[in-house]
Amino acid sequence: MKAWLSYDFNDMRMEDVPMPHAEPGWVVVKVRMLELSVTEVAEFRGLPVSSHANIKRMLAEKRPLQLWGHEFSGEVVEVGRGVTNVRLGDHVFYHRGVPCGTCKYCTAGYPQYCRSCINVAEDTPGCLAEFFAIPSSTIVAIPDAITDMEACAMQPLVSIMGTVEAARIEMGDTVVVIGQGPMGLDCMQVARTVGAGKVIAIARRNEVLSLSKRLGADITINTTEIDPVAAVMDITRGLGADVVFECAGGAKEQGHSGTDTMMQGLDMLRNEGKFVEIGYLP
Ligand SMILES: [Zn+2]
């Protein structure tokens, strides 16, 4: 079978590799569709994003590696011993990494914060291949009515659902989402669904803001036209927003806002409001 193998940053080659097999607790998945995450593309280019140091170390120790590819729609074609959550032929997507189970977070019942999580497509083979092996606890079976395209997009959506849940939005809250990339658009829609009274989407491009509007934003603000802090204070009659999600921050050399939008988010927040940073701030 064919797989894309990474010899270094910016050096990926398609090669013939042996068919993977399912160890106990693992399954083999046939890839039906995949989408690359923005983070993976930055990692491939060697940019200093979240997992850069780990990948650099792994490539120094052994190469090539079957890196990247975790937003996939697949089908289970082999099931290892002890696997009970999925069956042969199931349509599956990637849900989350494997928490260590022993750290302070894991033992306190907050595995979502585990810092020693096994990350699929980084610590395990990625899905840029015809078939790949994956721990079964990281995948979830989904109905066939969910299309391959939707299944791929569900992985980032799951991350956002956990993030929005952590903010504990209350019925009627005014929620601001700064940045309307994939994560910001997901965040805006989930906030809408869990009971926000008013959702304000902030971005720099009218194209994306018209999409925000179509997907449920009550108010859109283009920061190239008006000051977003003044606009939010005006909309909330001087009170500020109840919840702000910041999805535009990050390294300026990668086209993000640095910490500028984080500061704006804090400036438009009401007293005792909740601020959630979603952008990766190195
Ligand atoms: Zn842990």
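Above: the structure in question.
Residues numbered from 1 in each chain as written. Predicted model: local features only at pLDDT ≥ 70, side-chain atom pairs only at ≥ 80, totals over all residues. Heavy atoms only, no water.

## Quick notes on the environment of serine 116
Phase 1: By secondary structure assignment, the location of serine 116 is in the loop between helix 3 (104-107) and strand 6 (131-135).
Phase 2: Under the relative-accessibility criterion, serine 116 is labelled partly exposed at 46%.
Phase 3: Residues serine 116 and glycine 97 lie 19 residues apart in sequence; the distance between their C-alpha atoms is 9.8 Å.
Phase 4: Beyond its immediate chain neighbours, meaning those up to four positions away, serine 116 contacts Val98 and Cys100. (Helix = DSSP H or I, 4+ residues; strand = E, 2+ residues; numbered from the N terminus. Buried < 20%, exposed > 50% of the residue type's maximum accessible area, 1.4 Å probe, protein only. Contact = heavy atoms within 4.5 Å.)

## Considering the side chain of threonine 138
Phase 1: Among the secondary structure elements, threonine 138 is positioned in the loop between strand 6 and strand 7 (139-141).
Phase 2: Overall, the relative accessible area of 0% leaves threonine 138 in the buried class.
Phase 3: Here the side chain of threonine 138 touches proline 135 through a polar contact of 2.7 Å, landing on its backbone oxygen. (Polar contact = N/O pair within 3.5 Å; in protein donor to acceptor, adjacent residues only side chain to side chain.)

## Digging into a nonpolar patch on the surface
Phase 1: Among the surface-exposed residues, Tyr105, Tyr110 and Tyr113 lie close enough to one another that they form a single nonpolar patch of about 330 Å² accessible area.
Phase 2: Checked against the element boundaries, tyrosine 105 lands in helix 3.
Phase 3: By relative accessible area, which is 40% here, tyrosine 105 ends up partly exposed. (Patch = residues over 30% accessible without salt bridge, like charges linked within 9 Å, V, L, I, M, F, W, Y side chains within 5 Å. Areas by Shrake-Rupley, 256 points an atom, 1.4 Å probe, with all protein chains shown as cover. Salt bridge = Lys/Arg side-chain N within 4 Å of Asp/Glu carboxyl O.)

## Description of the coordination of the zinc ion
Phase 1: The protein atoms donating to the zinc ion are Cys100 (SG), Cys103 (SG), Cys106 (SG) and Cys114 (SG), with metal-donor distances spanning 2.3 Å.
Phase 2: Here the zinc ion is ringed by 4 donor atoms whose angles at the metal span 105 to 116 degrees, and the overall shape comes out tetrahedral.
Phase 3: Mapping the donors of the zinc ion onto the primary sequence yields the spacing C-x2-C-x2-C-x7-C.
Phase 4: Overall, the relative accessible area of 14% leaves cysteine 106 in the buried class. (Donors = N, O, S within 2.8 Å, 3.2 Å for Na, K, Ca; no water. Tetrahedral: all angles 85-135°; square planar, octahedral: opposite > 155°, others 65-115°.)

## Quick look at the sheet that holds strand 6
Phase 1: Pairing is antiparallel in the open sheet, where 5 strands are placed in the order 6-3-4-5-7. This sheet does not close on itself; its edge strands, each paired only once, are strand 6 and strand 7. Across the sheet, the mean angle separating the axes of adjacent strands is 45 degrees when strand polarity is ignored.
Phase 2: Inspection of the sheet shows strand 5 (residues 91-94) paired to strand 7 by 3 bridges, in the antiparallel sense. Each residue of the ladder has a partner; that of valine 92, found in strand 7, is alanine 141. (Pairing = 2+ DSSP bridges. Axes fitted to C-alpha atoms, helices over the stretch in contact; angles between N-to-C directions.)

Remember that the coordinates give geometry; whether it matters functionally is a separate question.
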